[in-house]
Structures are given as structure tokens and as C-alpha cells.
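Single-letter residue listing:
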Amino acid sequence: MSVPEQSEIRSVLKLNKEFFTTSEGMPVESKRLIFRKITDNDFAELCEMLKDAEVMYAWEHAFNDDEVNAWIKKRMALYDIYGYDYFLAVDKRTSKVVGQIGLLDEVVGEKHYIGLGYILKKEFWHKGYAYEGAKAMLDFAFDELCAQEVVATMRPENYASRKVAERVGMVNVGSYVKMYNGKEMPHLIYSKRKADNP
């Protein structure tokens, strides 16, 4: 299968409402990635991430089929509410799905923040994709959503995610306990303010 030229990709994206776009209708992208909304058709792609115990180790829980379907439905519902959530990150050159990267409604304590999240397929670890995607989402949050602060929460032992957060200029500002599957899970809180985003 031939790989489409960048101009061909862009012309299609302008007509495709499934992609994550700016207020001017241009796709949100990094050097190698484009981002599109998750749909029911992405079940197999999401299973590669969510059912992989190694990918999901920080969650202490690999998903089953029902949970993957519920994940998809939640993403779709949150697009309608906020206009953003986890998106599929797609390599522009190969059209392969690299992972899920997006902006989230993050609740810390009783306060809502715009959060940053990233979950990559194992084959794309350590290739700089998480950094690219995270940077693109931060820029969108500050430039398009006029957010004054973006946070990312992660397990203390998740050193790979912490490294990404630190590389995009986020700093550890505290910790809290998140309840997940009836279990108390300590999380670090990373933050970046708009004033610190170049």
C-alpha cells in the first residue's frame, strides 16, 4: 500500500470531522502525529493497549472486552461534553495508530482541571511520540482553550510518564490518592502554567 503524500492527508482531514481540529478547522498535529477521535471502529486498536498488562501496569489492571467497549463509549460521550478527551495518535507517514494522547477533565480533590494523558502501544515506546503528542496537547490547551494551567497525574513508580511530563516543562507540585477499581492509588500531580509555556 502506498503512503499518501502530506498534501493528500491534509486535504482529507479538512473534510473529516472525526479529527481533532483547531478553532480554524486545521488538524492538531505534531511533527509526526495527527490526532483523531476514538470511535466504535477502533476496538481492535484499543485492545492492543488496554488489554496489554505491561502497557497498563500503572493501572494494575488490564481491560477485558466489556471494559474496552465502555472506555470507547466514555471517550465519545466526553467529546460531546468538552470537545476533547483521549484521541488516537496516528503516525502521519505510516497511518499506524501509535497510542492515545489527549486532554482530560481531571478531578483532583474536588477541583476540576484540564489534564494531560498519554497511553502508547508498547512497540512505540521510547521513540519520542509521547513527548510530541503531549507538547501538541499542551499548546492546544494554552493557545486554543486559554487554559491557565494543565495538570498530569501519574503513579510515582511510572518513571516513563514522569519523564515525559518533565520534558514538556511540567513540575511535580504535590500528590493525592485516586480511587480506581475500589483501590487507593497514590498519584503525583504535575503542573504547567500558561505563563511558563514558550
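The structure presented is a predicted model; accordingly, all values stated were derived computationally and were not measured.

Rules used throughout
Residue numbers run consecutively from 1 along every chain, following the written order of its sequence. Two thresholds apply to this predicted model, a pLDDT of at least 70 for residue-level local features and 80 or more for giving and counting side-chain atom pairs, whereas whole-chain, interface and lining totals are computed over all residues. Computation of side-chain values: all heavy atoms of the structure, hydrogens and water removed. Every helix listed is a DSSP run of H or I at least four residues long, and every strand listed is a run of E at least two residues long, numbered separately from the N terminus. Only protein chains enter the calculation, and the probe is 1.4 Å; a residue is then buried if its accessible area is under 20% of its type maximum, exposed if over 50%, and partly exposed in between. Residues are called lining when one of their atoms sits within 4 Å of a cavity or pocket point, these points coming from a 1 Å grid over the protein atoms alone, where a cavity is a set in which a 1.4 Å probe fits but cannot get out and a pocket is an open set with protein on both sides within 12 Å along at least five of seven lines. Grid points are joined across faces, edges and corners, and a volume is the space filled by probe spheres set on the points. Take the buried residues of types Ala, Val, Leu, Ile, Met, Phe, Trp, Tyr and Cys, join any two whose side-chain atoms come within 4.5 Å, and each joined set is a nonpolar core. We call two residues in contact whenever any of their non-hydrogen atoms come within 4.5 Å of each other. Per residue, pLDDT measures the predictor's confidence, with a range of 0 to 100. The length a helix should cover is 1.5 Å for every residue beyond the first. Between N or O atoms, a polar contact is any pair within 3.5 Å; within protein, one atom must be a potential hydrogen donor and the other a potential acceptor, and residues adjacent in sequence are included only when both atoms are from side chains. Here, any two strands with at least 2 DSSP bridges between them count as paired. For salt bridges, the criterion is a side-chain nitrogen of Lys or Arg within 4 Å of an Asp or Glu carboxyl oxygen.

**Re unusual backbone geometry**
Although it is not a glycine, Ser95 sits at a positive phi angle of roughly 70°. Following the sequence through the fold, Ser95 ends up in the loop between strand S2 (86–91) and strand S3 (97–108). Located in the positive-phi region is His126, a residue other than glycine, with phi close to 65°. Summarising the element assignment, His126 is placed in the loop between strand S4 (111–120) and helix H4 (129–143). Look at His126 and you get exposed, because its relative accessible area is 78%.

**Some points on the layout of surface pockets**
Size it by volume and the largest pocket reaches roughly 1400 Å³. In terms of lining, the largest pocket is formed by 47 residues, of which the most central are Trp59, Tyr86, Tyr118, Ile119 and Ser161. Broken down by secondary-structure element, the contributors of at least two residues to the lining of the largest pocket are helix H3 (65–82), S3, S4, H4, strand S5 (149–154), helix H5 (159–167), strand S6 (171–180) and strand S7 (183–193). For the lining of the largest pocket, the element with the highest residue contribution is H3, accounting for six residues.

**Quick notes on the nonpolar core**
Phe35, Leu46, Leu116, Tyr118 and Val150 are the most contacted members of the largest nonpolar core, which has 54 residues in total. When residues of this core are assigned to their parent elements, the largest contribution, nine residues, is made by H4. Once residues within four sequence positions are removed from consideration, Val150 is found in contact with Ile114, Gly115, Leu116, Leu138, Ala141, Phe142, Met170, Tyr190, Ser191 and Lys192.

**Observations concerning the confidence of the model for the protein chain**
Here the protein chain shows a mean pLDDT of 87. Residues at 70 or above account for 86%. Note that residues 1–16 has pLDDT below 50 and, in this model, 10 contacts with residues that lie over four places away or in other chains.

**Some words on H3**
Residues spaced three or four apart along an α-helix point in a common direction, a consequence of the helix completing one turn every 3.6 residues. In a regular helix each residue adds 1.5 Å, so 18 residues correspond to 26 Å; H3 covers 26 Å between its end C-alpha atoms and thus fits that length. Summarising the contacts, the buried residues of H3 are in contact with helix H2 (43–50), S2, S3 and S4. The backbone nitrogen of Asp66 lies 3.1 Å from a side-chain oxygen of the residue at the head of H3, namely Asn64. One or two residues past the end of H3 sits Gly83, with phi positive at roughly 90°.

**Here we look at the pairing of S7**
Where S5 lies against S7, six bridges are found, and the strand directions are antiparallel. Within S7, the position partnered with Thr153 by the bridge is Ile189. Pairing between S6 and S7: nine bridges, direction antiparallel. Residue pairing in the sheet places Tyr180 in a bridge with Lys183 of S7.

**Some thoughts on the pattern of salt bridges**
The final tally for this structure, using the stated rule, is 16 salt bridges. With a closest N to O distance of 2.8 Å, Glu60 and Lys183 form a salt bridge. Linking Glu60 in the loop between H2 and H3 with Lys183 in strand S7, this pair joins segments that are 123 residues apart in sequence. Judged by relative accessible area, Glu60 falls into the partly exposed class, the value being 42%. In this structure, Arg193 and Glu149 form a salt bridge, with 3.4 Å as the shortest nitrogen-oxygen distance. Remark: Glu149 occurs in strand S5 and Arg193 occurs in strand S7; sequence separation between them is 44 residues. Since its relative accessible area comes to 43%, Arg193 is described here as partly exposed. Through salt bridges with shared partners, a single ionic network connects Glu60, Arg155, Glu157 and Lys183.

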